[in-house]
Amino acid sequence: MTSPVGGVEPSIGWEASADLVVVGGGVAGLSAAISAARRGLRVLTVAKGAPADTATQYAQGGIAVPGTAAEGDSVESHVRDTCEAGAGLCDEDAVRSIVADGPSALSLLESFGAVFDRGVDGTRARTKEGGHRVRRIVHAGGDATGAEVQRALGNSGQAVLYGTSVVRVLTASGEVTGVLASSSAGYGVIHAPAVLLATGGLGQLYSCSTNPAGATADGIALALDAGAEVADLEFVQFHPTVLFTEGSTGRRPLVSEAVRGEGAHLVDLSGDRFMTGVHPLGDLAPRDVVSRAIAERLHLTGTDHVLLDARSIRTFHARFPTVTAACFAAGIDPLEQLIPVAPAAHYSCGGVATDVWGRTCVPGLLAAGEVARTGLHGANRLASNSLLEGLVVGERAGIAAVERRGARLGSADVVLPSTAHVPRTVLQNLMSENAGVVRDADGLDAVTRAVSAARESEPVWEEAALTVAATVLAVAASAREESRGCHTRRDHPEASAARGTSTRASRNVHGDIEIRSIGELTGVGRQ
Ligand SMILES: Cc1cc2nc3c(=O)[nH]c(=O)nc-3n(C[C@H](O)[C@H](O)[C@H](O)COP(=O)(O)OP(=O)(O)OC[C@H]3O[C@@H](n4cnc5c(N)ncnc54)[C@H](O)[C@@H]3O)c2cc1C
Ligand SMILES: N[C@@H](CC(=O)O)C(=O)O
């Protein structure tokens, strides 16, 4: 049997129709599905994984939501912390718009049954993470916030077709007409005037990541293929404190930044508190600063991890049950021992370019959550702003989809996308070595060369999407000859005022990926 490859018409085993197809069952997808259904749209939500195969499920620290003046907080204070962490690349209007809707999004979530931790006075407990000047992060189950968000949204009555992968967004005359999907029932077409990509992140580009196995950049490849733009993909956030165990790869357990928010601190293997003097916020500096400081310390000392001293948090087991379980499984009691940690790939700050309603430049194509780039995160996301964005923009995208109700659907060519790919572990090793916390031109060139040699073979959609994302990321990172936020260039260590703008990737008429910065063509990748 020959394997189907790009351009081939698949045999269609099933068909369906909807007003909106939501691709993804995490915080963004479910928020959008609920919102659109409340407005009378016929919504069909699909997810390639099982209900809990989302990054949402794993979220620990909490949701950043501005508190009141009585709590020493305000929308403007949250905006300032977000923009400072974003290192000059946030869109301040987008930040203000999303942050300002945080309190109502939280109330809506509570109306679906989400229960957040409360203090002795009965008010919502709030913690701190890197880059936040005040305690504004609400949390659930101590450090199991994502599981509670997933549970509450999942119980809202929205049906989800699990085990169904979208492999292509269908368009006719430049407008969305539906999706081509693959499930155990074979290939199927869902006809719809609006499609929301809520497919999550791209952590599987790297050997070590906090992300679930399905975080394979599918939405990035789907959006580029449909004619949308992808922005700022070079900004991959590496979480500083991922539990380190010798030789482990794949999804690694996170040690929440809230652990430092509650008083823990980092030391190297000689006991030196190396964050002292690096940033005014010390151990609670923004995430890019801490990950870079750890990478430098590892390089300097020739070691592979540093240590987190959380012994002063006497309530650790109760306050951080998820982290405690992961530490116990590794034979560590955080009350008695230091926790070995190292940075690992965690979050994609860039993504499909959208406005704050999730609209892309392709009529009918929406994106929300980690896959999207609204301008909230800039060059480095402020901790716990992701669930916030998923809730707020997810809800809004459900409203934006109403605009497409009744749009006439043209006739789309239903053909399979390209399956050209580099095998996953080869790509992960390449990316980890050359496009990690610190990069340089030679390493990024090595990635570009390897991905441009990718060939079509069996239909492995995830590997094909990862290869497309690696292409965009490497070309954009190569063009960005400066260090900014979570993009650190060994060969260009300073930020450059001339490069303080977004990079935009799109496919040209030949199908190559072009990267533009300030409107100028700065790179081309073949993939
Ligand atoms: C360990 C960990 C801890 C975190 N802690 C926090 C935190 O405390 N606070 C915070 O704000 N953020 C946190 N984050 C980040 C945050 O959890 C994620 O960015 C956010 O949950 C992403 O939500 P999403 O809806 O965009 O995607 P996800 O929740 O990842 O959902 C993606 C969905 O898309 C589906 N999918 C993907 N591709 C396809 C396809 N081709 N076809 C069909 N379905 C597809 C998947 O099956 C899944 O259902 C954390 C992340 C991790 C990994
Ligand atoms: N809150 C963090 C994760 C954590 O450290 O808990 C995040 O936003 O990714």
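The shown structure was predicted, so the numbers you read here are calculated from the model rather than taken from an experiment.

Parameters at a glance
- Residues numbered from 1 in each chain as written.
- Chains lettered and ligands numbered in written order.
- Predicted model: local features only at pLDDT ≥ 70, side-chain atom pairs only at ≥ 80, totals over all residues.
- Heavy atoms only, no water.
- Near = heavy atom within 4 Å.
- Polar contact = N/O pair within 3.5 Å; in protein donor to acceptor, adjacent residues only side chain to side chain.
- Areas by Shrake-Rupley, 256 points an atom, 1.4 Å probe, with all protein chains shown as cover.
- Nonpolar A, V, L, I, M, F, W, Y, C, P; charged D, E, K, R; others polar.
- UniProt positions renumbered as here; feature names shortened; annotations may be inferred.
- Helix = DSSP H or I, 4+ residues; strand = E, 2+ residues; numbered from the N terminus.
- Salt bridge = Lys/Arg side-chain N within 4 Å of Asp/Glu carboxyl O.
- Buried < 20%, exposed > 50% of the residue type's maximum accessible area, 1.4 Å probe, protein only.
- pLDDT = per-residue confidence, 0-100.
- Core = buried A, V, L, I, M, F, W, Y, C linked by side-chain atoms within 4.5 Å.
- Phe/Tyr/Trp six-rings, centres within 6.5 Å; stacked < 30°, edge-to-face > 60°.

Visitor: Any chance you could explain the site of ligand 2 here in plain terms?
Guide: Neighbouring residues of ligand 2: Q60, G61, E129, H239, L254, S256, E257, R287, H346, R381, A383 and S384. Within the side chain of H239, one N or O atom sits 2.7 Å away from an oxygen atom of ligand 2. Separating an oxygen atom of ligand 2 from a side-chain N or O atom of H346 is a distance of 2.6 Å. Burial of ligand 2 by the protein amounts to 93% of the accessible area it has alone, namely 270 Å². Class assignment for the residues of the shell around ligand 2 results in two nonpolar, six polar and four charged.

Visitor: I keep staring at the site of ligand 1 and nothing clicks. Help me out?
Guide: Taken together, the neighbourhood of ligand 1 is formed by 38 residues, with T56, G62, E370, S386 and L387 sitting nearest. Measuring from an oxygen atom of ligand 1, one finds a backbone N or O atom of V27 at 3.2 Å. Between A28 and ligand 1, the recorded distance is 3.0 Å, taken from a backbone N or O atom to an oxygen atom. Here ligand 1 has 1000 Å² of accessible area as a free molecule, and 97% of this is covered by the chains. Its residues assigned to classes, the shell around ligand 1 shows 13 nonpolar, 20 polar and five charged.

Visitor: In this structure, what is going on with the UniProt feature "domain: FAD-dependent oxidoreductase 2 FAD-binding" (unreviewed entry) in the chain? I would like to understand it.
Guide: The UniProt record marks residues 19–387 with the feature "domain: FAD-dependent oxidoreductase 2 FAD-binding" (unreviewed entry), using the residue numbering of this structure. Taken end to end, residues 19–387 comprises 27% helix and 23% strand; its first and last C-alpha atoms sit 26 Å apart.

Visitor: Before we go on, may I ask you to explain the pattern of salt bridges in this structure?
Guide: Side-chain pairing between opposite charges can occur once the charged atoms of the two side chains come close. Evaluation of the coordinates by the stated rule reveals 41 salt bridges. Among the salt bridges present, the one from E257 reaches R260, with a minimum N-O distance of 3.5 Å. Accessibility assignment for this pair places E257 and R260 in one class, buried. For R480, the salt bridge identified is with E482, shortest N-O distance 2.6 Å. Its relative accessible area of 3% is what places R480 among the buried residues. E482 sits in the buried class, given a relative accessible area of 0%.

Visitor: Explain the confidence of the model for the chain to me, please; I cannot follow it from the model alone.
Guide: Low-pLDDT portions of the prediction should not be read for the details of their coordinates. Overall, the prediction assigns the chain a mean pLDDT of 95, with 98% of residues at 70 or greater. Across the assembled chains, the prediction reports ipTM 0.99 with pTM 0.97.

Visitor: Is there a simple way to think about the nonpolar core in this case?
Guide: A general tendency of soluble globular proteins is for nonpolar side chains to be buried together. In this structure, V195, L197, L205, Y206, L365, L427 and M431 are the most contacted members of the largest nonpolar core, which totals 62 residues. Ranked by the residues each element gives to this core, the list is headed by helix α15 (residues 461–479), at 11 residues. Among the nonpolar cores identified, the runner-up in size contains 46 residues, and A105, A194, L196 and L391 belong to it.

Visitor: Before we go on, may I ask you to explain the packing of aromatic side chains in this structure?
Guide: The relative placement of two aromatic rings is captured by the distance of their centres and the angle of their planes. Throughout the structure, instances matching the rule amount to two aromatic pairs. Taking 5.2 Å as the distance between ring centres and 80° as the angle between the ring planes, the aromatic pair formed by Y206 and F238 counts as edge-to-face. Of this pair, Y206 sits in the loop between β11 (194–197) and β12 (208–209) while F238 is found in strand β14 (residues 236–243), placing the two residues 32 residues apart along the sequence. Take Y206: its relative accessible area is 3%, and that puts it in the buried class. A relative accessible area of 9% means that F238 is categorised as buried. Seen from their ring centres, F316 and F320 are 5.1 Å apart, and the 50° between their planes marks the pair as tilted.

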